[in-house]
Amino acid sequence: MELDAKIPSGPLAEKWDRHRFELKLVNPANKRKYDIIVVGTGLAGASASATLAELGYDVKTFCIQDSPRRAHSIAAQGGINAAKNYANDGDSIWRLFYDTVKGGDFRAREANVYRLAQVSTAIIDQGVAQGIPFARDYGGLLANRSFGGAQVSRTFYARGQTGQQLLLGAYSALMRQVGTGKVKMYPRREMLDLVLVNGQARGIVVRNMVTGELESHSAHAVVLCTGGYGNVFFLSTNAMASNVTACYRAYKKGALFSNPCFTQIHPTCIPVHGDYQSKLTLMSESLRNDGRVWVPAKPGDRRAPREIPEAERDYYLESKYPSFGNLVPRDVASRNAKEQCDMGKGVGETSLAVYLDFEDAIKRDGRDVIAQKYGNLFQMYEKITGENPYETPMMIYPAVHYTMGGVWVDYNLMSTVPGLYVLGEANFSDHGANRLGASALMQGLADGYFVLPYTIGGYLASESFPDAPIDHAAFKDSTREVEARVERLMSVNGKRTVDDFHRELGHIMWEYCGMARNNDGLNKAKGLIQELRAEFWQNVTVPGSDKDFNQSLERAGRVADFLEFGELMISDALSRQESCGCHLNEAYQTEESEAKRDDENFCHVSCWEYTGDDKEPAFHKEPLAFENVELTQRSYK
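Just so you know, these numbers come straight off a predicted model, no measurement behind them.

Rules behind the numbers
Residues numbered from 1 in each chain as written. Predicted model: local features only at pLDDT ≥ 70, side-chain atom pairs only at ≥ 80, totals over all residues. Heavy atoms only, no water. Helix = DSSP H or I, 4+ residues; strand = E, 2+ residues; numbered from the N terminus. Buried < 20%, exposed > 50% of the residue type's maximum accessible area, 1.4 Å probe, protein only. Areas by Shrake-Rupley, 256 points an atom, 1.4 Å probe, with all protein chains shown as cover. Contact = heavy atoms within 4.5 Å. Phe/Tyr/Trp six-rings, centres within 6.5 Å; stacked < 30°, edge-to-face > 60°. Expected span 1.5 Å × (residues − 1). Polar contact = N/O pair within 3.5 Å; in protein donor to acceptor, adjacent residues only side chain to side chain. Axes fitted to C-alpha atoms, helices over the stretch in contact; angles between N-to-C directions. Parallel < 35°, antiparallel > 145°, perpendicular 65-115°, else oblique. Left-handed = near helix turned anticlockwise from the far one by under 90°. Nonpolar A, V, L, I, M, F, W, Y, C, P; charged D, E, K, R; others polar. Pairing = 2+ DSSP bridges. Core = buried A, V, L, I, M, F, W, Y, C linked by side-chain atoms within 4.5 Å. Salt bridge = Lys/Arg side-chain N within 4 Å of Asp/Glu carboxyl O.

S.K.: Can you lay out the overall build of the chain for me, pointing to particular residues and giving the numbers?
M.R.: Counting its secondary structure elements, the chain contains 17 helices and 21 strands. Taking the principal axes of the C-alpha coordinates as reference, the chain spans close to 75 × 60 × 50 Å. Within the chain, the fraction of its 637 residues that count as buried is 62%. A total of about 24000 Å² of accessible surface is found on the chain, and carbon and sulfur atoms cover 48% of it.

S.K.: Which residues make up the environment of tyrosine 98, and what are the values?
M.R.: Residue placement: tyrosine 98 occurs in helix 4 (residues 93-103). Setting aside its immediate chain neighbours within four residues, tyrosine 98 contacts Val629 and Thr632.

S.K.: Pulling in residues and values, what's your account of the packing of aromatic side chains?
M.R.: Across all of its chains, the model carries 30 aromatic pairs by this definition. With 6.4 Å between their ring centres and 85° between their planes, tyrosine 251 and phenylalanine 257 make a pair best called edge-to-face. Across this residue pair, the class does not change: tyrosine 251 and phenylalanine 257 are buried. Between the aromatic rings of phenylalanine 378 and tyrosine 390, the centroid separation amounts to 4.6 Å while the plane-to-plane angle is 55°, which identifies the pairing as tilted. Taken together, the residues span a long stretch of sequence, with phenylalanine 378 in helix 11 (residues 367-385) and tyrosine 390 in the loop between helix 11 and strand 15 (394-403) at a distance of 12 residues. Neither phenylalanine 378 nor tyrosine 390 differs from the other in exposure class; each is buried. Each residue in the set Tyr229, Tyr248, Tyr251, Phe257, Phe565 and Tyr610 is aromatic and connected to the rest through ring pairs, giving one cluster.

S.K.: Can you tell me about helix 16 (residues 551-575), naming the residues and giving the values?
M.R.: Taking 1.5 Å per residue, 25 residues should reach 36 Å; helix 16 reaches 36 Å between its end C-alpha atoms and fits that length. The element helix 16 is extensively covered by neighbouring structure, given that 20 of its 25 residues are classed as buried. Backbone nitrogen of serine 552 and a side-chain oxygen of the N-cap are separated by 3.1 Å at the start of helix 16; the cap is asparagine 550.

S.K.: Describe the packing of helix 15 (residues 519-539) against helix 16, listing the residues and the values that go with them.
M.R.: Where helix 15 contacts helix 16, the axes come no closer than 9 Å and their chain directions differ by 160°. As far as their axial angle goes, helix 16 and helix 15 are roughly antiparallel. Of the two elements, helix 15 crosses helix 16, and the hand of that crossing is left-handed. Facing Asn519, Leu522, Asn523, Ala525, Lys526, Ile529, Gln530, Leu532, Arg533, Phe536 and Trp537 of helix 15, the residues of helix 16 in contact are Ala556, Val559, Ala560, Leu563, Glu564, Gly566, Glu567, Ile570, Ser571, Ala573 and Leu574. Among the residues forming the contact of helix 15 with helix 16, the class breakdown is 13 nonpolar, five polar and four charged.

S.K.: Would you mind going over the sheet that holds strand 7 (residues 200-208) in detail, with residue names and values included?
M.R.: Read across the open sheet, the three strands follow the order 6-7-8; overall the sheet is antiparallel. Each edge of the open sheet is held by one strand with a lone partner, namely strand 6 (189-197) and strand 8 (214-218). Within this sheet the neighbouring strands show an average axis-to-axis angle of 25°, counted without direction. Two strands pair when backbone bridges link them, and strand 7 and strand 8 are joined in this way by five bridges, in the antiparallel orientation.

S.K.: An account of the sheet that holds strand 15 is needed here, citing residue identities and associated values.
M.R.: Reading across the sheet, the five strands line up as 11-15-14-12-13 and stay open at both edges, with antiparallel pairing between neighbours. Two strands in the sheet have a free side with no partner beyond their single neighbour: strand 11 (263-269) and strand 13 (313-314). Two elements, strand 11 and strand 15, share five bridges in a ladder whose sense is antiparallel. Each residue of the ladder has a partner; that of histidine 266, found in strand 15, is alanine 399.

S.K.: Mind laying out the nonpolar core, listing which residues take part and the relevant values?
M.R.: Of all hydrophobic cores here, the largest spans 190 residues; its most connected members are Ile80 and Leu420. Here this core takes 12 residues from helix 12 (residues 440-462), the largest share from any one element. For isoleucine 80, the residues in contact, after removing those within four places along its chain, are Ile123, Ile124, Phe134, Arg154, Thr155, Phe156, Thr162, Leu166, Ala438, Leu441, Met442 and Leu445.

S.K.: Explain the pairing of strand 12 (residues 292-296) residue by residue, including any values.
M.R.: The buried fraction of strand 12 is high, at four of five residues. Here strand 12 runs beside strand 14 (residues 354-357); their pairing, made up of three bridges, is antiparallel. Within the sheet, the bridge partner assigned to arginine 292 lies in strand 14 and is aspartate 357. Pairing of strand 12 with strand 13, which is carried by two bridges, proceeds in the antiparallel orientation.

S.K.: Help me get a handle on the pairing of strand 7, residues and values and all.
M.R.: Regular strands have side chains that alternate between both faces of the sheet. Within strand 7, nine of the nine residues are buried, which leaves it mostly tucked inside the rest of the structure. Pairing geometry for strand 6 and strand 7, over eight bridges, is antiparallel. Within the sheet, the bridge partner assigned to glutamate 190 lies in strand 7 and is arginine 207. If you look at the hairpin formed by strand 6 and strand 7, you'll find two residues sitting between the two strands, and asparagine 198 has a positive phi there, around 55°.

S.K.: An account of the packing of helix 13 (residues 473-491) against helix 16 is requested, with residue identities and associated values reported.
M.R.: Running from amino to carboxyl end, helix 13 crosses helix 16 at an angle of 105°, the nearest separation of the two axes being 10 Å. One element, helix 13, and the other, helix 16, form an angle in the roughly perpendicular class. Residues Arg485, Val486, Leu489 and Met490 of helix 13 lie in contact with helix 16, whose contacting residues are Leu553, Ala556, Gly557, Ala560 and Asp561. Across the contact of helix 13 with helix 16, the residue classes break down as six nonpolar, one polar and two charged.

S.K.: A description of the pattern of salt bridges should follow, citing residues and the corresponding values.
M.R.: Taken as a whole and assessed by the stated rule, the structure comprises 53 salt bridges. As a salt-bridge pair, lysine 6 and aspartate 410 come within 3.9 Å of each other at their nearest N and O atoms. Here lysine 6 is found in the segment before helix 1 (15-22), whereas its partner aspartate 410 is found in the loop between strand 16 (406-407) and strand 17 (420-422), with 404 residues between them in sequence. For lysine 6, a relative accessible area of 37% translates into the label partly exposed. The salt bridge involving arginine 597 is made with aspartate 105; its shortest N-O contact spans 2.8 Å.

S.K.: Break down helix 9 (residues 330-342) for me, with residues and values.
M.R.: Because an α-helix packs 3.6 residues into every turn, residues spaced three or four apart end up facing the same way. Spanning 13 residues, helix 9 covers 18 Å between terminal C-alpha atoms, matching the ideal 18 Å at 1.5 Å per step. Most of helix 9 sits out of view: 10 of its 13 residues are buried. Listing the buried residues of helix 9 in full gives Arg330, Asp331, Val332, Ala333, Ser334, Arg335, Asn336, Ala337, Gln340 and Cys341. At the exit of helix 9 stands glycine 344, carrying a positive phi of roughly 90°.

Treat this as a map of the structure, not an account of what it does.
Okay, structure coming up:
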């Protein structure tokens, strides 16, 4: 398969403007003739639905929760990047582009990342117009703070609630269009299949999660904005409903899946504190602006943190990376935290934690200033752990957070299935092997507000669309497939719960495909997952009825997909014999234990094509060309 990314010709800074001009347009009177399905109502989905409807398209929007306000985008805390240079510290579109490409360890497309940097400034203007309560300085101007992987302050924020506030802005725009009738909202629906007619994406089959009824919906194009698949690890910072099913259904219908092993480990999460946990809690990376990361200098030192004098502390990020200090990118901070714990210098009951200490910042700026910046985060930490971070250091440890891999899309955000667009975290396009903090919100809103509304018009204006009503044979076939899968899940009548299988899968993935990996472990994991999947279909128990509200059935379907998808992640990790970004293969390290890329053999996007159940997927490459930045070993020293 030859992959055409449809990257426009010409200088990098002119590609997007040229492409927008060359795209075919749908005139305003004709837009109302087209129906578009949007699956997901987070930042990408809500912004796309609102903008497409405002342009005149008829939009059907599907929400897995009872309200778009519950989308996982609401959990984002620290901020959103934009190259406005309000701090006058040397930022620019080019610097944001370069920092993002470098942060992703040179495994993302130049053209996509530059476009992201270009439209970043418009996102802030959009948010201000919507009334997003961004932090402001004393004079009333928008404030900025620093984030990992950058030496400038470009991150706009609303205390520690940036995702929530941005989502409320997108939600208000969406609900305005619901009010006009241009968007029809379908809450509590889970997409279980993609429907193709004549090779085009023309609809979806969903399950009404309240009644259990299967529904078919048709349109001229389908847009997936369903987020990431970090819950394959069981314990992650993701919402419990986050899953891979929609994207995996698309994969099984011909959409290539790219870089599935590219998952981000976030360095500042509340450590695991019991086997009963079902998820982990993120502490915003913005805390690293003022918090200092340290461990006892002597392994096995079990004294309370305030009993350890300054001379007996190891501020390892500050000493090892003097230029960036505590603001090194997430992958670097995460690997170093694990390294310190592996050396026996971890803290807390499990010794799988490091300190994030605000003592110096409070002495310098005062408690009130720190409370103004991070108060809600400190409250959340104290509520979960019972410790007051104003008085004792936070304890943090890395955890699975974001997925850079996703459905392959071209420059227009369209997958290899014509008419199927994929936005935000659900696609692979902008972050390479590691995501810089505060760029997920940027990508989701850029895709929804400013990219898709142009590119989808080019597709609709160029294609012909035969009738595809929901009584079409393709919809009936998809419905039968979904019914058979549900019936199979309900009929096993085994003895192990869905969560029991999910927890074991997560342990395998974290142990062998987490922060560090090796070929022997990956091969072992592949066999373990195959055995676990075979047992799942023989011994899982799914109580209740499929014709009713049944959360056990919902989870069972998602875990069944995770069991297949986990194996795809392992195959992808085995195919990439290098270390890059978050993904350290122990055989490929520099002398200083940093990730060692192999640009000669692995400067590509890994793309996987479904070839059938229990068959090895076909492997394809999209070569990455770097004409504007020099491929160098990443250094943050």
